[in-house]
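A structural walkthrough
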Amino acid sequence: QVQLVESGGGLVQPGGSLRLSCAASGSIFNINVMGWFRQVPGKQRELVAIIIGSGVTNYADSVKGRFTIPRDSPKTTVWLQMNGLKPGETAVYYCHCINAGDSYWGRGTQVTVSS
């Protein structure tokens, strides 16, 4: 089992920045994908950003140029640097990873963008 713990959510004004973190622990064999998704009530969970083992990243079109997904060298911690946040990006942000072929999710952290 792998545990993912997110932190860094909170309230931010439109146009502001926030940095989320996600740390993986437990039976880590080969985490080859880590990423962030977000979900609002009544809607499907959507991809925000992912990073694969080689370091290649992929971002949702709506966040390109504003969000980045740095990762540490052991590849067990990722961050989501969010700049230029918009009210419509209020959501619960979830960390996700694939470890040895199994999928894991964190409990989520609330991000609220409001003035």
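The sections below set out a description of the structure shown in this document. (Residues numbered from 1 in each chain as written. Predicted model: local features only at pLDDT ≥ 70, side-chain atom pairs only at ≥ 80, totals over all residues. Heavy atoms only, no water.)

1. Overview of the overall build of the protein
- When you go through the protein residue by residue, the secondary structure sums to zero helices and eleven strands.
- Ordering the α and β elements of the protein from the N terminus gives β-β-β-β-β-β-β-β-β-β-β.
- Here the C-alpha radius of gyration of the protein, 13 Å, is about what a compact globule of 115 residues would show, namely 13 Å.
- In the protein, which comprises 115 residues, the share counted as buried stands at 42%.
- Of the contacts made within the protein by residues no fewer than 6 positions apart, 52% connect residues no fewer than 24 positions apart.
- Of the roughly 5,900 Å² that the protein leaves accessible, carbon and sulfur atoms contribute 51%.
- Across the protein, the mean location of the 10 positive side-chain charges is 4 Å away from that of the 6 negative side-chain charges. (Helix = DSSP H or I, 4+ residues; strand = E, 2+ residues; numbered from the N terminus. Rg over C-alpha atoms; globule rule 2.2 N^0.38 Å. Buried < 20%, exposed > 50% of the residue type's maximum accessible area, 1.4 Å probe, protein only. Contact = heavy atoms within 4.5 Å. Areas by Shrake-Rupley, 256 points an atom, 1.4 Å probe, with all protein chains shown as cover. Lys, Arg positive; Asp, Glu negative; His and termini not counted. Charge placed at Lys NZ, Arg CZ, Asp CG, Glu CD.)

2. Here's the deal with the sheet that holds strand E7 (residues 67-68)
- Taken in spatial order, the four strands of this open sheet run E1-E3-E8-E7, and their pairing is antiparallel. The open sheet has two edge strands with one neighbour each: strand E1 (2-7) and E7.
- Two elements, E1 and strand E3 (residues 18-26), share six bridges in a ladder whose sense is antiparallel. Bridge assignment links Ser7 to a residue of E3, and that residue is Ser21. (Pairing = 2+ DSSP bridges.)

3. Regarding the pattern of salt bridges
- Inspection of the entire model under this criterion finds four salt bridges.
- With a shortest N-O distance of 2.5 Å, Glu89 and Arg66 are connected by a salt bridge. Linking Glu89 in the loop between strand E8 (77-82) and strand E9 (91-99) with Arg66 in the loop between strand E6 (57-59) and E7, this pair joins segments that are 23 residues apart in sequence.
- Among the charged side chains, a salt-bridge network with shared partners connects Arg38, Glu46, Arg66 and Glu89. (Salt bridge = Lys/Arg side-chain N within 4 Å of Asp/Glu carboxyl O.)

4. Topic: the state of the cysteines
- Under the definition given, this model contains one disulfide.
- Here Cys22 is linked by a disulfide to Cys95, with a sulfur-sulfur distance of 2.0 Å. When the S-S torsion is -80°, as for the bridge of Cys22 with Cys95, the disulfide is left-handed. With a gap of 73 residues between them, Cys22 in strand E3 and Cys95 in strand E9 connect regions that are remote in the sequence.
- Judged by its relative accessible area of 1%, Cys22 falls in the buried class.
- Given a relative accessible area of 0%, Cys95 falls into the buried group.
- With no disulfide partner, Cys97 has as its closest neighbouring cysteine sulfur the one in Cys95, 6.7 Å distant. (Disulfide = S-S within 2.5 Å.)

Nothing here speaks to function; it is all geometry.
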